[in-house]
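Each chain is listed here by its residues.
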Amino acid sequence: MGHLITVATCNLNQWALDFEGNTKRIIESIQKAKEAGASLRVGPELEICGYGCLDHLLEQDLYLHSFQCLEAILRDESCHDILLDVGMPIIHRNVRYNCRVICYNGRILLIRPKLYLAGDGNYREQRFFTPWLRPQYCEDYYLPRMLWKLQGSNKVRIGDAVISTPDTTIGCETCEELFTPDSPHNHMSLNGVEVITNSSGSHFTLRKLNTRMQLITEATRKNGGVYIYANQQGCDGDRLYYDGCAMIICNGKLLAQGSQFSLTDVEVVTATIDLEEVRAYRFAPSRGLQAVAAPVYERIETQFELSSEAGDLDTHRVPSLEIGPRYYSPEEEIAFCTGAYLWDYLRRCGAAGYLVPLSGGIDSCATATIVFSMCRMVIDAIKAGNEQVISDVKRLAKFSEKIPETPQDLCGQVFHTVYMGMSKQSSKETRQRAKDLADAIGAYHVNLDIDEVYNAQRNLIVNTLNFEPKFKVEGGSIAENLTLQNIQARSRMVTAYEFAQILPSTRKRPGGGSLLVLGSANVGESLRGYLTKYDCSSADINPIGSIDKSDLKRFIAWAEVNFNLPCLHDFLTAVPTAELEPITETYVQSDEADMGMTYDELTVFGRLRKVDKLGPYGMFQRLVHEWGPSRPRVGEDATPVYTPKQVAEKVKRFFHYYAINRHKMTTLTPALHCNDYSPDDNRFDLRPFLYPPFFQSLGFKCIDKDLEKMEARQKGSTEEDAATVD
């Protein structure tokens, strides 16, 4: 019996409902796996229809088309002579299941439904599917007529079973099952399964890859065995970027790792493994005692072998060596994830390019730099000979028949920036910063003032209501001040869309077209509601909508060096300002002063609210200790020091403004998901948008009671200390 096996996994850039395109990429991955000598190929979760189909998963058509695509794969002889693990949805007895379909040479061996569904964060699988709630149970599935002749039967087994070959045993896990406390791989490993596949639809989150890697390595470090992880990669039509990173791990050692961010639609990674290493690793008597009491799986037998005697005799064939995991810094993750996402979106949506309202501030600067990162990735892919990218660039970059050779060349064709200033409110510094950045990255830049539009809107109030509104610095009320600021903000949104519609025509782009407007509101400002509804935060896509200010600053500092953009330094040192109020000798508008809290504090509030699931009272109880003077601080610890009263004021201020501005989240521009405390109202952060007044809430009253006790305790301690001194 042979013992050297070569297995393959893949990153696939699938697109929801692109059945034929998805099938083409699946077949290409199978062909690449065979070319690499693999005898087993594993693909991502729901790869036939695409993971992000959402409520389309409730439609009968989707299940029909999925089977039609599976039939095409089974009939394609280039996909024969290799064991296939393919993902698709299946209806069994009127119940929808998220399934793995294990195939060989045009026949289905097993349909394995997902046991534990993902239902938190961005995932809502229980909305579409039912979990297979019967571990180790199987029954017959009656196939659609289109597969009877291929199968040589009208039925196949469906359930929680494993595949038995003459040389090993293979079991399946699907995405979320890896993350559960009692994962199926534990029971399968004890039952003698040596090769476990995991097909995922796992999306990107900053700093998440390390957690995923630890879970997979720990699974085989404890149980022994081969773990093959496949994932989707790219934007499949939603707010998520699936970050690939297909992996093969054996006995806790990483043997192969695919890219995390790539413009390659089909990426296959392989590893060669000696099965005897798995068997030796599982020698412990304590494991044997648990194994004899482990639940028994039905074994679906096949005569196909993953190994061969000829392969064992080939001295040029050697087991893969352990490699170190590849991680990116958060700054690199922002650059590459957002760049890859924007490229996928642009090439698939049919638009002529992007437009960013460039204000001279760090947020719009970050969005523009992200587009430049996209262009850098595209040029690198062109130089690497990526035919799909070259084809897409030829279709998009129409101003010249010559393929762009530099990121600046590509930026000049697909990226447009507009500075929309005001004579009194806008500083020459922000105007110059916007121009310098646009020049440095090669964007087509427009510099204009919106005074005429603003004055026309302001005069509507003057002429209609016989009332002349004034800014705060001119003696106006809060309502007047906000009205005048919002006229500017909303005029900029209208102007941005106006120029996005017409710029390709005025530039005489062959075929015309229109641009997608990119937003630049960061996660902290959205949480606080520090934005005007339907201003430039309203756009088509927001690549930084779930990234906080601190991470954006670190990204800009990284890009200044790594993208060779010295002009970014001025953005880092500038005071964040909306520039919606007139600048005077004694007053310049400041974002943090307006909000009554720093951006770093907003990040803390956001994480505690969403990730740690704390309301006002719980947040106060946590921060009164973490921000208190008694907390140990080491080195350059920048944690603020506040009294209990100051903590109470800040927590109350945050929740007050969060509540009264929550309605703004309902119209927030779709943002690429990057953080676990995103306020995205569409599917990630589901909350009311009409709240009772927080200052009258029970939570705030509990804060006041605790604060009163703390201050009384502090006063008593002070008086006691004074008496001791006397």
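The structure we're discussing is the one just above.
Residues numbered from 1 in each chain as written. Predicted model: local features only at pLDDT ≥ 70, side-chain atom pairs only at ≥ 80, totals over all residues. Heavy atoms only, no water.

## With respect to the packing of helix H12 (residues 362–383) against helix H19 (residues 549–562)
Next, step 1: Between H12 and H19, whose axes approach to 10 Å, the crossing angle comes to 50°. With respect to each other, H12 and H19 are oriented oblique. Relative to H19, H12 is oriented so that their crossing is left-handed. Of the residues in H19, those touching H12 at Ile-362, Asp-363, Cys-365, Ala-366, Thr-369, Ile-370 and Arg-376 are Lys-549, Leu-552, Lys-553, Phe-555, Ile-556, Ala-559 and Asn-562.
Next, step 2: Of the residues contributing to the contact of H12 with H19, the split by class is eight nonpolar, two polar and four charged. (Axes fitted to C-alpha atoms, helices over the stretch in contact; angles between N-to-C directions. Helix = DSSP H or I, 4+ residues; strand = E, 2+ residues; numbered from the N terminus. Parallel < 35°, antiparallel > 145°, perpendicular 65-115°, else oblique. Left-handed = near helix turned anticlockwise from the far one by under 90°. Contact = heavy atoms within 4.5 Å. Nonpolar A, V, L, I, M, F, W, Y, C, P; charged D, E, K, R; others polar.)

## Some thoughts on the environment of Val-195
Next, step 1: Looking at the secondary structure, you find Val-195 in strand E10 (residues 195–200).
Next, step 2: Separated by 375 residues in the primary sequence, Val-195 and Asp-570 have C-alpha atoms spaced 54 Å apart.
Next, step 3: The residues contacting Val-195, other than those within four sequence positions of it, are Ile-5, Leu-40, Thr-168, Thr-169, Ile-170, Gly-171, Val-226, Ile-228 and Leu-275.

## Comments concerning the side chain of Asn-13
Next, step 1: Mapped onto the fold, Asn-13 is located in the loop between strand E1 (4–12) and helix H1 (19–35).
Next, step 2: For Asn-13, a relative accessible area of 1% corresponds to the buried category.
Next, step 3: Separated by 3.0 Å, the side chains of Asn-13 and Asp-344 make a polar contact.
Next, step 4: When neighbours within four sequence positions are excluded, Asn-13 is seen to be in contact with Arg-25, Gln-233, Gly-234, Cys-235, Asp-265, Asp-344, Arg-347 and Arg-348. (Buried < 20%, exposed > 50% of the residue type's maximum accessible area, 1.4 Å probe, protein only. Polar contact = N/O pair within 3.5 Å; in protein donor to acceptor, adjacent residues only side chain to side chain.)

## Focus on the packing of aromatic side chains
Next, step 1: One pass over the full model with this rule turns up 27 aromatic pairs.
Next, step 2: Aromatic side chains Phe-128 and Phe-129 sit 6.5 Å apart centroid to centroid with 80° between the ring planes, which places their arrangement in the edge-to-face category. Each member of the pair, Phe-128 as well as Phe-129, is classed as buried.
Next, step 3: Judged by centre distance (5.2 Å) and plane angle (85°), the ring pair of Phe-695 and Phe-700 falls under edge-to-face.
Next, step 4: Each residue in the set Phe-605, Trp-627, Tyr-642, Phe-654, Phe-655, Tyr-658, Tyr-691, Phe-694, Phe-695 and Phe-700 is aromatic and connected to the rest through ring pairs, giving one cluster.
Next, step 5: Its end group placed over the ring of Trp-132, Arg-134 keeps NZ or CZ at 4.7 Å from the ring centre.
Next, step 6: The side chain of Lys-549 reaches across the aromatic face of Tyr-599, ending 4.4 Å from its centre. (Phe/Tyr/Trp six-rings, centres within 6.5 Å; stacked < 30°, edge-to-face > 60°. Lys NZ or Arg CZ within 6 Å of the ring centre and 35° of its normal.)

## What to know about the pairing of strand E4 (residues 95–104)
The two faces of the sheet receive side chains in turn, since in a regular strand these alternate between them.
Next, step 1: A large share of E4 lies buried, amounting to nine of its 10 residues.
Next, step 2: As paired elements, strand E3 (residues 83–92) and E4 share nine bridges and run antiparallel to each other. Within the sheet, the bridge partner assigned to Val-86 lies in E4 and is Val-101.
Next, step 3: Connecting E3 to the next strand, E4, in antiparallel fashion are two residues, including Arg-93 with a positive phi near 55°.
Next, step 4: Two successive antiparallel strands, E4 and strand E5 (residues 107–113), enclose a turn made up of two residues, where Asn-105 displays a positive phi of approximately 50°. (Pairing = 2+ DSSP bridges.)

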